[in-house]
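Fold and geometry: a report
Chain by chain, the residues run as shown.
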Amino acid sequence: MSGLFLSDAKYREGKGIITLFFQGEDDRIKKSYRFLPSFAFRCGEKEAKACKKLLEGFDVSFSEGNGVLRIFSKSFKELKSAHAFICNTTQIKPVLLEPERQFLILKNWSYYDAFTENKCLQRIEALAYVPEHAEDVSSVCLSNILRIRKEELFESTYKQRFAFLENALFASGMQLTSAQNGHSSKTRLQNEQALRYALTIIKNNIGFDTVNCKCCRPSSLNDKNVLPSSLVLASFFQNGFYFNSLSKAFAEHYHRTHENKASREIRKQEFVLPSYPVGPLFTNSMEAIPLADAMRLQQKGLAKIHKPICLHWVCKKKPSKLALELANLIGKMFLAHTSLREAERHALITKGLMAYIEDNLTLYLGTYLNIGYEILKLSIESLLSTSSAFFNYSLASSVECAAEKGVYSIEKAALLVAKQSISPKQAKI
């Protein structure tokens, strides 16, 4: 049997069973799996014990490991009640997703993915489904990217961006942060910029669960997993010196916590800078700045590095779930891109001038590519924005300081993703 796509998923409330429906031209099958929905958050042993005590009146179970407490229940209704109780009585804001989306994230599957079935179901890299009606095209694309049923999709782009990052947070066992104070850039990313940042995350294994992990703390600046966002103490050789940091997150933090705000605001406006400059700095003054900035200034003879102040690092033992989600999206966008080019070439050969009339296939592929870029850009912007609920200083500063150089097309990005040792095919969530 071949040519199947995942058409639907339904959780059986209170049964601990989820059923998936697969459809093909002549076949329709269903598969059931044992599954308990859950939510999770990072905490120490003392906090975990307190949370268990809080939830004694709820029909839930627990698992602990690697500093993560995960809470399960056969009843999603009961789980929602426990989640609401935790949110209302503590400062913890865990991500709670619908059971079907949870299951698909953990399997790295999605609606409208292609499957084959021999001895078992296997997801394949192929186009599985083309909507018959134009009005379904966007919803099918979004459903596949966000792992959400068409009927439950959000209309606003804000919620769509929220959903993509929620998926990575859930897989990471991480919670939402509170929205931060501060001003973030209103400039929208271009496609090439979003690809650069996404590749930075993938190639450096940066993620909610891998930055500053507990298991791979480096002993010195020379360790391979040290990130260029690490803070080092530097001295400077000029009076009234300013520099533009590679990290907007650091620049925002520096501006909020240091004197001479007015001078930085004037300089930012005068030179039309994308973020606040760092300074003014003076001869022999000492300041903690990102390693990437310090190395750049030292090479130019403008500063000298003295010692590390605060190391940032990535995990060497486990793949970043955020990197996996981004790699998966880029892979699918590349599939849509190459399929679109092939469909256009075939149409030109067989139809001549009539090839320029858009059909369902080219409409679907073009829409998928456009929506993929939009979700990618919105998600990266949220990760880097100080006012976002997904903002984490260490993560954002790491991405900005390690940002890839050069211009990237979807073809080049997909090729680089395929070369990484961490990929959706290899990593188990």
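Here we summarise the structure given alongside this text. (Residues numbered from 1 in each chain as written. Predicted model: local features only at pLDDT ≥ 70, side-chain atom pairs only at ≥ 80, totals over all residues. Heavy atoms only, no water.)

**Concerning empty space enclosed by the protein**
Per the counting criterion, the structure on display carries 2 cavities of 30 Å³ or more. Put simply, the second largest cavity is a space of about 50 Å³. Residue lining of the second largest cavity: N144, I145, R147, F164, E325, N328, L329, K332 and Y368, and that is the complete set. Those elements that provide at least two residues to the lining of the second largest cavity are helix 4 (137-146) and helix 10 (321-351). Among the elements that make up the lining of the second largest cavity, the one with the highest residue count is helix 10 (4 residues). Tallied by class, the residues present in the lining of the second largest cavity amount to 4 nonpolar, 2 polar and 3 charged. (1 Å grid on protein atoms, 1.4 Å probe; cavity = no way out; pocket = protein on both sides within 12 Å on 5 of 7 lines; lining within 4 Å. Points joined across faces, edges and corners; volume = space filled by probe spheres on them. Helix = DSSP H or I, 4+ residues; strand = E, 2+ residues; numbered from the N terminus. Nonpolar A, V, L, I, M, F, W, Y, C, P; charged D, E, K, R; others polar.)

**Let's talk about the sheet that holds strand 12 (residues 286-290)**
Strand order in the open sheet formed by 3 strands is 12-9-13, and the pairing between neighbours is antiparallel. Only two strands of the sheet have a single partner each, and these edge strands are strand 12 and strand 13 (303-310). Direction aside, the axes of adjacent strands within the sheet are offset by 35° on average. Direction of pairing for strand 9 (residues 231-236) relative to strand 13: antiparallel, over a ladder of 6 bridges. Each residue of the ladder has a partner; that of A234, found in strand 13, is I305. (Pairing = 2+ DSSP bridges. Axes fitted to C-alpha atoms, helices over the stretch in contact; angles between N-to-C directions.)

**Notes on the sheet that holds strand 2 (residues 17-23)**
Spatial strand order, 3-2-1-7-8: 5 strands in an open sheet with antiparallel pairing. The sheet is open, and its two borders are formed by strand 3 (28-34) and strand 8 (121-124), each paired with just one other strand. When the angles between neighbouring strand axes are averaged without regard to direction, this sheet yields 40°. With 2 bridges joining them, strand 1 (residues 4-12) and strand 7 (residues 114-117) adopt antiparallel strand pairing. Directly across from L4, in strand 7, lies its bridge partner F115. Its contacts with the sheet put helix 3 (residues 99-107) on strand 1, strand 2 and strand 3, and the angle it makes with strand 1 is roughly 130°. (Contact = heavy atoms within 4.5 Å.)

**Regarding the packing of helix 10 against helix 11 (residues 360-384)**
For the pair helix 10 and helix 11, the least separation of the axes is 9 Å and the interaxial angle reads 155°. Viewed along their axes, helix 10 and helix 11 adopt a mutual orientation that is roughly antiparallel. Both helix 10 and helix 11 take part in a crossing whose hand is left-handed. Of helix 11, the residues touching helix 10 (which contributes L322, L326, L329, K332, M333, A336, H337, S339, L340 and A343) are L361, T362, L365, G366, Y368, L369, G372, Y373, L376, I380 and L383. Within the contact of helix 10 with helix 11, the residues separate by chemical class into 15 nonpolar, 5 polar and 1 charged. (Parallel < 35°, antiparallel > 145°, perpendicular 65-115°, else oblique. Left-handed = near helix turned anticlockwise from the far one by under 90°.)

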